[in-house]
Amino acid sequence: MRGRTMGAGVLWMALAGCGAAPPPEPAGPGAGAPPSSAPAPAGDAVQAAPPAPGPAAQAAPASPFIPVARAPFDEVRLLPIEGAVLLAGGVNVRDEADDWWGYPLGVLLPDGTIEVQKSLRLPSGLRQVAGVAGRWPDAIDVIATGDTGRTGIAELWTLGPRGWQQRHEKHGNSFVGLAKIGASVVALQAPMMPPLHESQFVAVRGPNPGLKLTPSVKKECMLEGWDHAIQRTAVLPVAVGSTGDGKVVSYGRSCAGDPSLELWQPGARTSTILGLDRAKRGDHQSASPQVLAGAANDAWIFDGFASRFDGATWKEVEGPRPEAGVADAAVAGDGTLWVLSDGAVFARRGEAWEHTPLPEGVKAHDLATASDGVLWIAAGGALLRHGKPGERSGAPGGSAVPLDKAPGPAPMSQQRRLVRSGGPACPRNVVVLYTFSKVTPDDYDFPLTRKALKGHTEFASARFAVTRDGGERFFAALVPSFDMGQKLAALIRKEVQGSSPNVVCAEPEILRELKLDLKSGEVVR
């Protein structure tokens, strides 16, 4: 069972204030159906083991990772369930023959066989898997976040004999992960617009244990000049998990933007909150928040940084490459913590990190521990399992599996870079105001938004621009503070009918700036 947050391509669209072709600005879906995407060519192939060095060359260390098969999808994600690993595509694709588009799914079996069946496809639409639970092939539960172009949708699907059946959906929300409590599995649903919705648990399997989140204290969560709290719960969750002894651990941020854990003891319905002072630390924008059960009754928390919850308290642990942060992690049955940092793999046994070499010229972008304890990684356009150093291939029949060399940084496209809700600790708060559609003119100047901004010179320090992220374009305001971002979002939400802007923490690509005279609301030519 594993839960992840979703990719930026979906999240930006879900948080965007409006998405129609003009006019009017706020109506209609976002950028429409995604373009067709075919697997990239294999590129420069390298063997699973490096060639013998020449007389003057120094031999590279042998890698214990054995290529088993080429990945069926671009930037595949690994999501373990009992008896298999679910494979989720990181880039949406279109099947013209079946009139289907979305993020494809497949299954990796313990022997390395990959099955990609049409029956595994979720119904057409922009949705990314946030977590999976169940057993292959009997029943699989998937939590996902869909997208309407104007807001996200928290969705729960179950795969049975009649195909996928949707059991839950909630507009304006996303799922941030799963937690196991005895015979029950619950998903945590969090709002994409924190002032308007409230976080809550949703039963996925077994009885609902009735966990309640601690509500926010209004006076601690108010912005000056605003009449409601910036979030309805004391901790706005971005990830959730559980420990071996049944504690449920939610990670997020307080109203002040401080990293916080919300903890439910076994059998308890109410929670306690544990803070962590990290105000002087930087930020890792590409990290996907995770809460992972440790080997004992502990848990690991990752948001670029690494922290360990020992069952009572939590503290930060320096990662293997502090400047790069931790991009992904998995815990093996023997207690080994495996992490990815800048495309490299590290293992932590006890208190020390150990670099585990990949095949030469290859960088990894995902990893997971299967239910049988085997560690799998996605790297070089292939799936590799952890075995013995020097093994050349784990493919059926012993055939060689080509690997793609990774130029520069780890192979993470813009669709896989993750953004989070904005906050006081975020280095770049961005208010997403409008989603471009296919027919939005390149020179569109957003008249309804400008009309709403007319006379509001308090936003003079904001930078208004057309931006791009995850292959989509957005009109956004880059603001100097979270406080200003919340006030700007509240103004547009009030004045532009049907809009739903929100503040995210991101570094989007700037395509063009739109200089506004806020006294008149006109564009400065």
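What you are looking at is a predicted structure, and each value in this text was computed from that prediction instead of being measured. (Residues numbered from 1 in each chain as written. Predicted model: local features only at pLDDT ≥ 70, side-chain atom pairs only at ≥ 80, totals over all residues. Heavy atoms only, no water.)

## With respect to the overall build of the protein chain
Next up, step 1: A count of helical and extended segments in the protein chain gives three helices and 40 strands.
Next up, step 2: Within the protein chain, contacts between residues at least 6 apart in sequence are counted, and of these 60% link residues at least 24 apart. (Helix = DSSP H or I, 4+ residues; strand = E, 2+ residues; numbered from the N terminus. Contact = heavy atoms within 4.5 Å.)

## Describing the pairing of strand S27 (residues 344–349)
Next up, step 1: Of all six residues in S27, five are buried, a share of seventy percent or more.
Next up, step 2: Note: strand S26 (residues 337–341) against S27, five bridges, orientation antiparallel. For Leu340, the partnering residue across the bridge sits in S27 and is Val345.
Next up, step 3: Where S26 folds back onto S27 in an antiparallel hairpin, the turn is made up of two residues, including Asp342, whose phi is positive at roughly 55°.
Next up, step 4: Pairing analysis gives five bridges linking S27 to strand S28 (residues 352–356), with the strands arranged antiparallel. Across the sheet, the residue bridging to Arg349 is Ala352, located in S28.
Next up, step 5: Between the end of S27 and the start of S28, which pair antiparallel, lie two residues, with Gly350 showing a positive phi angle near 75°. (Buried < 20%, exposed > 50% of the residue type's maximum accessible area, 1.4 Å probe, protein only. Pairing = 2+ DSSP bridges.)

## Things to note about unusual backbone geometry
Next up, step 1: Cis geometry marks the peptide bond from Trp136 to Pro137, where omega comes out at 0°.
Next up, step 2: Positionally, Pro137 belongs in the loop between strand S10 (127–135) and strand S11 (139–147).
Next up, step 3: Here Asp99, not a glycine, exhibits a phi torsion of approximately 50°, which is positive.
Next up, step 4: Looking at the element boundaries, Asp99 is found in the loop between strand S6 (93–95) and strand S7 (100–102).
Next up, step 5: Unusually for a residue other than glycine, Asp342 sits at a positive phi of about 55°.
Next up, step 6: Along the polypeptide, Asp342 turns up in the loop between S26 and S27.

## Quick look at the pairing of strand S22 (residues 299–302)
Next up, step 1: Residues Ala299 and Ile301 of S22 are buried on one face, and the alternating residues Trp300 and Phe302, pointing to the opposite face, are buried as well.
Next up, step 2: Connecting strand S21 (residues 290–293) to the antiparallel partner S22 that follows it, the hairpin turn spans five residues.
Next up, step 3: Summarising the sheet, S22 and strand S23 (residues 306–309) pair through four bridges and their orientation is antiparallel. Considered in S23, the bridge of Ala299 is made with Phe309.

## Re the nonpolar core
Next up, step 1: Counting residues in hydrophobic clusters, the biggest one holds 31 residues, and the most contacted among them are Val431, Phe446, Leu453, Phe464 and Leu488.
Next up, step 2: Put simply, the parts of the chain that give this core at least two residues each are strand S34 (429–435), helix H2 (447–453), strand S35 (463–469), strand S36 (472–479) and helix H3 (482–495).
Next up, step 3: With six residues, H3 is the single largest residue contributor to this core.
Next up, step 4: Listed in part, the 19 residues of the second largest apolar core include Leu79, Leu105, Val142 and Trp164. (Core = buried A, V, L, I, M, F, W, Y, C linked by side-chain atoms within 4.5 Å.)

## Some points on the state of the cysteines
Next up, step 1: One pass over the structure, following the stated rule, counts one disulfide.
Next up, step 2: Residue pairing for Cys221: its cysteine sulfur links by disulfide to Cys255, the two sulfurs lying 1.5 Å apart. Residues Cys221 and Cys255 are joined by a disulfide whose S-S torsion is about 75°; by sign, that bridge is right-handed. Here Cys221 is found in the loop between strand S16 (200–205) and strand S17 (236–242), whereas its partner Cys255 is found in the loop between strand S18 (248–253) and strand S19 (259–264), with 34 residues between them in sequence.
Next up, step 3: What makes Cys221 buried here is its relative accessible area of 2%.
Next up, step 4: The exposure class assigned to Cys255 is buried, which follows from its relative accessible area of 11%. (Disulfide = S-S within 2.5 Å.)

## A word on the pattern of salt bridges
Next up, step 1: Applying the stated rule across the entire model yields 21 salt bridges.
Next up, step 2: For Asp342, the salt bridge identified is with Arg321, shortest N-O distance 3.9 Å. In this pair, Asp342 sits in the loop between S26 and S27 while Arg321 sits in the loop between strand S24 (314–317) and strand S25 (328–331), placing the two residues 21 residues apart along the sequence.
Next up, step 3: The partly exposed category is assigned to Asp342, whose relative accessible area is 37%. (Salt bridge = Lys/Arg side-chain N within 4 Å of Asp/Glu carboxyl O.)

## Quick look at the sheet that holds strand S5 (residues 84–88)
Next up, step 1: Strand order in the open sheet formed by four strands is S4-S5-S8-S9, with antiparallel pairing between adjacent strands. Two strands in the sheet have a free side with no partner beyond their single neighbour: strand S4 (77–81) and strand S9 (114–115).
Next up, step 2: Judged from the four bridges that link them, S5 and strand S8 (residues 105–108) form a sheet pairing that is antiparallel. Counted as the bridge partner of Leu87 is Gly106 from S8.

Function cannot be read off these values alone, since they describe shape.
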